[in-house]
Amino acid sequence: MDNQAMPMASTSSYTKIQYLQRQAASLLLYQSVLQGEVGIAFLELLQAIRYTDTDARGCLQAYGNYFYALAARNQNWEDYLITQILFCENPFTRLAGVQEFEDLPPALITAVQHDLQVLQSLYECSSASLSEWVQNVAHMPISPVVWYKEQDLLGVETKFITYLQELDNWGDAVEELAAYYQQCGSGLFAEYRALRWQSGQFIGIKYSDPVKLSSLVGYESQKDALLKNTEFLLSGEMALHVLLYGSRGSGKSSLVKSLLNEYSERSLRLLEVAKSDLKDLPEIVEHLRGVSQKFIIFVDDLSFEEDDDAFKALKVVLEGNLTARPQNVVVYATSNRRHLIREFFVDRPAPKDNEEIHAWDTMQEKLSFSDRFGLTLTFEPANQKTYLKIVQHLVAQAEINITQEDLEFQALQWATRHNGRSGRTARQFVDFLKADLTIFHANKNISNT
């Protein structure tokens, strides 16, 4: 018999592995759970154990690939499998996100019950068991190192993982799983709080900006107005599109990004769309229609050139067309320009031959484009009082020990030598001050020793 096809595992483990492989092949809806790097490494390891070559090198390499895949994700096999179930996108997860459980097709429910029982059998095939099987077929004196780490998941994911771990039959979890998808969604929108639209697809942002609302001082009325509008969105009311315009460094972008850290637990998602991709905006909005989460489409530093296709696409989304506007999507845009379309003196209408008769109307349409946003928030340049207030707030949060007199003197000197008074300048000053004092005290301690 060909050594490549010779089963080297014991009869009991061989039968068990064969069973697991058949189970994995029988998945009806949740195939993607095993299509990631870890899932593929798991299946290849089962195959390598079942059909071990003469010196078991292939089996050992397959185990190494499996261990590496888990370590790279910093997850146990069991946690990985359940999180993939939670983030999976398939006909059941999509329907469960927008329909009541009682309205879901019975065949779909039965298929999910089957898949959950299959996945439970794979879940129970622990890394420790795989390590022992590898030890046996490779005739090693000790078993390979088992990857393990403590759980560090948060929120509803941990709650659902605990629920499944305590359940004897995962097939009984279909209704609970449907409720999870209805609350948290599925696919990328469940896995990531922040995303960007790039090359015609959604890309998850693993490390989003951690800026918090509590760190932003000044412009209180603008902040309150934006928070109220965001509450409308989260409550299912018709929220307004918002333009935040004003001086650079005033915290417009930070304010929008802080909303994610304030409201992500209430299913808010922030989708970044670059100006160059605004032509895709109507398509993006249609993708988001009917999804359970609420979306802020964030467009930073917005302005347009003459006859810009992006201008036309954004106009359609802001003003609407025959297609109804989805209530779970708003556009929040920032700009340093009140009039978003660049205008030159040569654009001003003059009574000349062969020119548009109603050129003034055309120019007015350009100038009034910002009025198409339902809410416009103005951020004036920070005066000295506001600038120092921001600095003092950031210093208090950073727990920097410095006298008020020294702080104000250094902060004003910094503003003079750098980018003027603004929230951004204040943040840069405090970051520098904290690092400078930290290094100073560290050097002082070294010299004292």
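In this text, all values refer to a predicted model and were calculated from it rather than measured experimentally.

(A) How the structure looks around the overall build of the protein chain. The helix and strand inventory of the protein chain stands at 18 helices and seven strands. Evaluated residue by residue, the protein chain yields a buried proportion of 45% over its 449 residues. Expressed as a percentage of contacts within the protein chain between residues at least 6 apart in sequence, the contacts between residues at least 24 apart total 78%. Total accessible area computed for the protein chain in this model is approximately 23,800 Å², and 51% of it derives from carbon and sulfur atoms.

(B) View of the confidence of the model for the protein chain. Here the protein chain averages 84 in pLDDT, while 86% of its residues score no lower than 70. Looking at the elements of the protein chain, mean pLDDT is at its lowest for helix 15 (residues 359-367), recorded as 43, and at its highest for helix 6 (residues 106-123), recorded as 97. Long-range and interchain partners of residues 355-367, a stretch whose pLDDT sits below 50, account for 14 contacts in this model, where long-range means more than four residues apart.

(C) Fine view of the pattern of salt bridges. Per the counting criterion, the structure on display carries seven salt bridges. We note a salt bridge from R289 to E286, for which the minimum N-O separation is 2.8 Å. The exposure class of E286 is partly exposed, given its relative accessible area of 40%.

(D) Quick peek at the nonpolar core. Core analysis: the biggest nonpolar cluster contains 59 residues, and Y30, W77 and F92 have the highest contact counts within it. Broken down by element, the residue count for this core peaks at nine residues, all from helix 6. Discounting residues that sit within four places of it in the chain, Y30 has contacts with I85, C88, N90, F92, T93, V112, D115, L119, L177 and Y181. Formed by 27 residues, the second largest nonpolar core is a distinct cluster that contains I205, A239, L260 and Y332.

(E) Looking closely at the environment of I17. Checked against the element boundaries, I17 lands in helix 1 (residues 11-25). Overall, I17 belongs to the buried group, its relative accessible area being 0%. A C-alpha to C-alpha distance of 6.3 Å links I17 and L46, two positions 29 residues apart in sequence. Residues in contact with I17, not counting those within four places in the same chain, are L46, I49, R50 and W133.

(F) How the structure looks around helix 13 (residues 281-288). Among the residues of helix 13, those classed as buried are L281, I284, V285 and L288. Taken end-on, helix 13 shows its buried residues confined to a sector of 100 degrees, consistent with a single buried face. Immediately downstream of helix 13, the backbone of G290 shows phi near 85 degrees, a positive value.

So, how was this worked out
Residues numbered from 1 in each chain as written. Predicted model: local features only at pLDDT ≥ 70, side-chain atom pairs only at ≥ 80, totals over all residues. Heavy atoms only, no water. Helix = DSSP H or I, 4+ residues; strand = E, 2+ residues; numbered from the N terminus. Buried < 20%, exposed > 50% of the residue type's maximum accessible area, 1.4 Å probe, protein only. Contact = heavy atoms within 4.5 Å. Areas by Shrake-Rupley, 256 points an atom, 1.4 Å probe, with all protein chains shown as cover. pLDDT = per-residue confidence, 0-100. Salt bridge = Lys/Arg side-chain N within 4 Å of Asp/Glu carboxyl O. Core = buried A, V, L, I, M, F, W, Y, C linked by side-chain atoms within 4.5 Å. Arc of directions from axis to C-beta.

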